[in-house]
Amino acid sequence: ERAADGREFYGELLRLVQETDALLAQGMTLELPESRTVDATRGALLKAFNTYVGPAPRYGATRYFYELGMGAESFAPTTTTMVDACLAFGFFARAKEYLRYYLLRYVNETGELQHRLGGATVAEAGMLLQTVRRYFEYTRDRQFADGYEIARRLACRLAQRLDEAAAQPPPANGLVKGCPEDDCRHWEHAPWYSINCWLYRGLREAADLFPMLRGKGLISEKAAGFADALPEKCEVLRRTINASIRENLVPDGDLDFVPPFPGHATPFPSLTAEGVHYPGCQYKINFPAYVNYRCYLEMLSADALDPELTDKLIRYREERGGEFLGVTRLWGDLIDDWPLFNYLWALLREDRIPKFLLAYYAHMAHHQARHTFFAPEHTRLGELLPHHCVPSQLTIPLATRWMLACELEDGLWLCRGVPRSWLADSQTIAVRNAPTRWGKVSFALQSQLAQGRIAASIQFASDPPPVVYCRFRLPD
């Protein structure tokens, strides 16, 4: 009755649109040939922001919104994906607020992550260290001393666990034992390759971070000293992981079964097999599904595996039922994509661009609502389930940013993974104020293929990276 003619309603809607546009304009902006990608990216960022309660994380907006104690909101990948997305799109104040809140509440005095009753994993600690390093490199924040100190505590605890693992007997000697996944915290701890791959990655990040903090006077010489030995220890761990996987490969038809940890010598009937349970566990959770949906993806994303083992793992997932168009199958018609960002990063890094794009669009088409881009933790083919989840929601923004601008070891890549159709004649790709560890970059590619050329311009707000790559993926 109050808004019978609609003017008040549409006035409020217009104000909401204006506020939204003003908020998102503060960060990196996109002009792409495909409006759906822009809408999915913008919509997902807003949904993730709105799922938080101030600085407090919430794993999802529906079923997982709140649990008593250190429940779903203490799940580290919510914070790492949220902070990484904020950094990627230039929302530095939010990144600081979210990261600081998590570190102060969910890392204890001994440097252990707290989540439910032992559900935090070593892999999540490694991811958190990567996020802290990225935060420092993007922001150069000198007012984050408590956060850097908690990260030091976290890194020292991981380094201690690595030293303790060196004394373990075979087959786990040199590998850390632990829990691979919160749902599986009641499984007997094993030297999972996924947690050791991210132990390697996290300590490699720490090996770079703490000398930088020391050089800026943000941490004392004594406090940063532990990091000096990390590069050598990390390289030993990387070699140990790869040697162990090679020793434990099991022939499975024309493929090699990559076991989830040393000593598991029985290939799964398929990666979606039901009724195959973890040895000796009273809880009947499908063992292959958890290895496939999360552990394999984290093994790939940490960049710890040698190239031939990376290839074996990707092929095994493809050919043993672990995927549907690149997205992750659990069993039956269930798909579960909240960890898919791991796979997308690995595919882009390994330059498997057609595969990357297949999984990217399949996630958008089959794991999200078609028009609102609502993203659940898991769903069914042909039926959208309502279990909203921030890491799943942020998959498209993160992958969109990576395909347009990503940092690899030797420099900055622009347009490494964009679809070929985006450079058809007369199309434009424009990115403004993309944060990187070298400062912000803006660039534009305008296709003039009818004249046989692409016009490209790149501007850096400060000194450019040592190496800049720009890839032109043409339609033909």
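For the structure itself, consult the block above.
Residues numbered from 1 in each chain as written. Predicted model: local features only at pLDDT ≥ 70, side-chain atom pairs only at ≥ 80, totals over all residues. Heavy atoms only, no water.

Draft legend 1. Spotlight on the overall build of the chain. Broken down by element type, the chain carries 15 helices and 13 strands. The C-alpha atoms of the chain give 22 Å as radius of gyration, which agrees with the globular expectation for 476 residues (23 Å, within 12%). Overall, the C-alpha framework of the chain stretches about 70 × 60 × 55 Å when taken along its three principal axes. The buried share of the chain, reckoned over its 476 residues, is 58%. Carbon and sulfur atoms make up 50% of the accessible area of the chain, which amounts to about 19,300 Å² in all. Separation between the mean location of the 53 positive side-chain charges and that of the 58 negative ones in the chain comes to 3 Å. (Helix = DSSP H or I, 4+ residues; strand = E, 2+ residues; numbered from the N terminus. Rg over C-alpha atoms; globule rule 2.2 N^0.38 Å. Buried < 20%, exposed > 50% of the residue type's maximum accessible area, 1.4 Å probe, protein only. Areas by Shrake-Rupley, 256 points an atom, 1.4 Å probe, with all protein chains shown as cover. Lys, Arg positive; Asp, Glu negative; His and termini not counted. Charge placed at Lys NZ, Arg CZ, Asp CG, Glu CD.)

Draft legend 2. Helix 10 (residues 287-301), seen in detail. In a regular helix each residue adds 1.5 Å, so 15 residues correspond to 21 Å; helix 10 covers 21 Å between its end C-alpha atoms and thus fits that length. Along helix 10, the sharpest kink reaches roughly 30°, centred on C295. The buried fraction of helix 10 amounts to 15 of the 15 residues, a majority that puts the element mostly inside the structure. Following helix 10 by one or two positions, D303 adopts a phi angle in the positive range, close to 60°. (Expected span 1.5 Å × (residues − 1). Bend = angle between axes of the 7 residues up to and from the residue.)

Draft legend 3. Structural detail: the environment of A444. Mapped onto the secondary structure, A444 falls in strand 11 (residues 441-448). Counting along the chain gives 15 residues from A444 to Q459, while the straight-line C-alpha distance between them is 9.2 Å. With residues up to four places along the chain from it excluded, the contact list for A444 reads I429, A430, A455, A456 and S457. (Contact = heavy atoms within 4.5 Å.)

Draft legend 4. Quick look at the side chain of D252. Tracing the chain through its elements places D252 in strand 2 (residues 250-252). The residues touching D252, leaving out its near neighbours within four places in the chain, are F257, P267, F268, Y316 and R320.

Draft legend 5. Representation of a nonpolar patch on the surface. A cluster of nonpolar residues, F9, Y10, L13, L16 and V17, forms a patch on the protein surface that exposes about 500 Å² of accessible area. Looking at L16, the relative accessible area reads 48%, which means it is partly exposed. (Patch = residues over 30% accessible without salt bridge, like charges linked within 9 Å, V, L, I, M, F, W, Y side chains within 5 Å. Salt bridge = Lys/Arg side-chain N within 4 Å of Asp/Glu carboxyl O.)

Draft legend 6. Quick look at the environment of P259. Mapping P259 onto the fold places it in the loop between strand 3 (255-257) and helix 10. Once the C-alpha coordinates of P259 and N248 are considered, the two residues, eleven residues apart in sequence, prove to be 6.9 Å apart.

Draft legend 7. Representation of the packing of helix 10 against helix 11 (residues 307-319). Contact pair helix 10 / helix 11: the axes reach a minimum separation of 10 Å and the direction vectors enclose 155°. Comparing the axis directions of helix 10 and helix 11 gives the class roughly antiparallel. Read as a crossing pair, helix 10 and helix 11 show a hand that is left-handed. Taken together, the residues of helix 11 that come into contact with helix 10 (itself represented by N292, Y296, L297, M299 and L300) are T310, L313, I314, Y316 and R317. Of the residues belonging to the contact of helix 10 with helix 11, the class tally is seven nonpolar, two polar and one charged. (Axes fitted to C-alpha atoms, helices over the stretch in contact; angles between N-to-C directions. Parallel < 35°, antiparallel > 145°, perpendicular 65-115°, else oblique. Left-handed = near helix turned anticlockwise from the far one by under 90°. Nonpolar A, V, L, I, M, F, W, Y, C, P; charged D, E, K, R; others polar.)

Draft legend 8. Focus on the pattern of salt bridges. Considering all chains together, one arrives at 43 salt bridges under this definition. Between R116 and D182 there is a salt bridge; the shortest N-O distance is 2.3 Å. Of this pair, R116 sits in the loop between helix 4 (92-106) and helix 5 (122-139) while D182 sits in the loop between helix 6 (145-165) and helix 7 (193-215), placing them 66 residues apart in sequence. The closest approach of N and O atoms between R471 and D351, which form a salt bridge, is 2.8 Å. Highlighted residues: R471 in the segment after strand 13 (468-470) and D351 in the loop between helix 12 (340-349) and helix 13 (353-366), separated in sequence by 120 residues. Each of R133, E137, R201, R204, E205 and D208 takes part in one network of salt bridges that share partners.

Draft legend 9. Molecular detail of the packing of aromatic side chains. Using the criterion set out here, one finds 29 aromatic pairs in the structure. With a centroid separation of 5.5 Å and an interplanar angle of 90°, the aromatic rings of W187 and F287 are classed as edge-to-face. Highlighted residues: W187 in the loop between helix 6 and helix 7 and F287 in helix 10, separated in sequence by 100 residues. Here W187 and F287 have matching classes, each one buried. Relative to Y290, the ring of W187 has its centre 6.4 Å away and its plane inclined at 75°; by these criteria the two rings are edge-to-face. Here W187 is found in the loop between helix 6 and helix 7, whereas its partner Y290 is found in helix 10, with 103 residues between them in sequence. Y290 matches W187 in its accessibility class, with the two residues each being buried. (Phe/Tyr/Trp six-rings, centres within 6.5 Å; stacked < 30°, edge-to-face > 60°.)

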